[in-house]
Structures are given as structure tokens and as C-alpha cells.
Amino acid sequence: GDSMQAGEKMFASVRFSGFDFTMPKGGTRICNRTVYLDLLRDHTPRLDWYQEAAEHVFAYDDDKNVSHSVYYPTLRSIADRLNAIRAWGAGVAVED
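Residues numbered from 1 in each chain as written. Predicted model: local features only at pLDDT ≥ 70, side-chain atom pairs only at ≥ 80, totals over all residues. Heavy atoms only, no water.

Draft legend 1. Inspection of the nonpolar core at higher detail. Counting residues in hydrophobic clusters, the biggest one holds seven residues: Cys 31, Tyr 36, Leu 39, Phe 58, Tyr 60, Val 70 and Tyr 72. Taken together, the elements giving at least two residues each to this core come down to α1 (33-43), β5 (55-61) and β6 (67-72). Ignoring anything within four residues of it in the chain, the contact list for Tyr 36 reads Cys 31, Leu 47, Phe 58, Val 70, Tyr 72 and Thr 74. (Core = buried A, V, L, I, M, F, W, Y, C linked by side-chain atoms within 4.5 Å. Buried < 20%, exposed > 50% of the residue type's maximum accessible area, 1.4 Å probe, protein only. Helix = DSSP H or I, 4+ residues; strand = E, 2+ residues; numbered from the N terminus. Contact = heavy atoms within 4.5 Å.)

Draft legend 2. Seen up close, α1. Two to three positions downstream of the cap, the backbone nitrogen of Thr 34 sits 3.0 Å from a side-chain oxygen, assigning the N-cap of α1 to Asn 32. Where α1 terminates, the next one or two residues include Thr 44, which has phi positive at roughly 35°. (Polar contact = N/O pair within 3.5 Å; in protein donor to acceptor, adjacent residues only side chain to side chain.)

Draft legend 3. Highlighting unusual backbone geometry. Cis geometry marks the peptide bond from Met 23 to Pro 24; its omega dihedral reads 0°. Within the secondary structure, Pro 24 is located in the loop between β2 (18-22) and β3 (28-31). A positive phi angle, close to 65°, is found at Asn 65, a residue other than glycine.

Draft legend 4. Local environment of the sheet that holds β6. Strand order across the open sheet formed by five strands is β3-β2-β6-β5-β4, with antiparallel pairing between neighbours. If you trace the sheet from one side to the other, it starts and ends with β3 and β4 (48-50), each paired once. Across the sheet, the mean angle from the axis of one strand to that of its neighbour is 30°, orientation sign disregarded. Of the strand pairs in this sheet, β2 and β3 are connected by four bridges, and their pairing is antiparallel. Looking at β3, one finds that Gly 18 is bridged to Cys 31. (Pairing = 2+ DSSP bridges. Axes fitted to C-alpha atoms, helices over the stretch in contact; angles between N-to-C directions.)

Draft legend 5. Molecular detail of the packing of aromatic side chains. This model, assessed by the stated rule, comprises six aromatic pairs. Taking the centre distance of 5.9 Å and the plane angle of 65° together, the rings of Tyr 50 and Tyr 71 count as edge-to-face. Here Tyr 50, found in strand β4, pairs with Tyr 71, found in strand β6; they are 21 residues apart in sequence, far enough to count as distant. We classify Tyr 50 as partly exposed; its relative accessible area is 34%. Geometrically, the ring pair formed by Phe 58 and Tyr 60 is tilted, given 6.2 Å between the ring centres and 40° between the ring planes. Of the two residues, Phe 58 and Tyr 60, neither departs from the other in class, the shared state being buried. We note Arg 76 situated over the ring of Trp 49; from NZ or CZ to the ring centre the distance is 3.7 Å. (Phe/Tyr/Trp six-rings, centres within 6.5 Å; stacked < 30°, edge-to-face > 60°. Lys NZ or Arg CZ within 6 Å of the ring centre and 35° of its normal.)

Draft legend 6. A look at the pairing of strand β1 (residues 11-15). The alternating pattern of β1 places Ala 12 and Val 14 on a buried face and Phe 11, Ser 13 and Arg 15 on a face that is not buried. Where β1 meets strand β7 (residues 91-95), five bridges bridge the pair, whose relative direction is parallel. Looking at the pairing, Ser 13 lines up with Ala 93 of β7.

Here it is, written out as C-alpha cells:
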């Protein structure tokens, strides 16, 4: 029989991009590092840790006064994901 653990046969994907959600129920756009850094510079938001998503999030209002929530992987969220993947014994695939 095959003595490999299930995790040794799998790869888990780790995203290096985030999402910008229009609130309360609007559109979604992919947020790459350039967009993310521009948003941080333009809005100087406070980053909050969202435990359920295990990711940092911030809110801002755009020039049309529409509210947004931005989720973007930070060192903490990436480290948490890599630790979980390591515990499963799986490999890592990076998504950018």
C-alpha cells in the first residue's frame, strides 16, 4: 500500500493578491499590490484583523462616497496559512 499521507499528495494555494468589495452588496475587484498600496496611500486606513477570514481588512469610501472593504494578505495571514499547510504536510502553490 501507499504509505504517503493525504497532505503529501496535495498542494495548497496561497494568494498574494486581495479583494476590494463594494459594500453592502456590490461588486468585487481583484486587488493587486499596486492597487493595494495606492489605496493605503490615498486613504491612510486602519488595518483590522478579521479573525473569521484570518486576514487583515480595511474600509474606505471612494470619490463617489461608496463604501468598500479591502481584504489583502499580510505577513501574519500568509504565515498563518503557511503554518497550516505545513501541519497538513502539503506543498504550496503561490498565486499572484
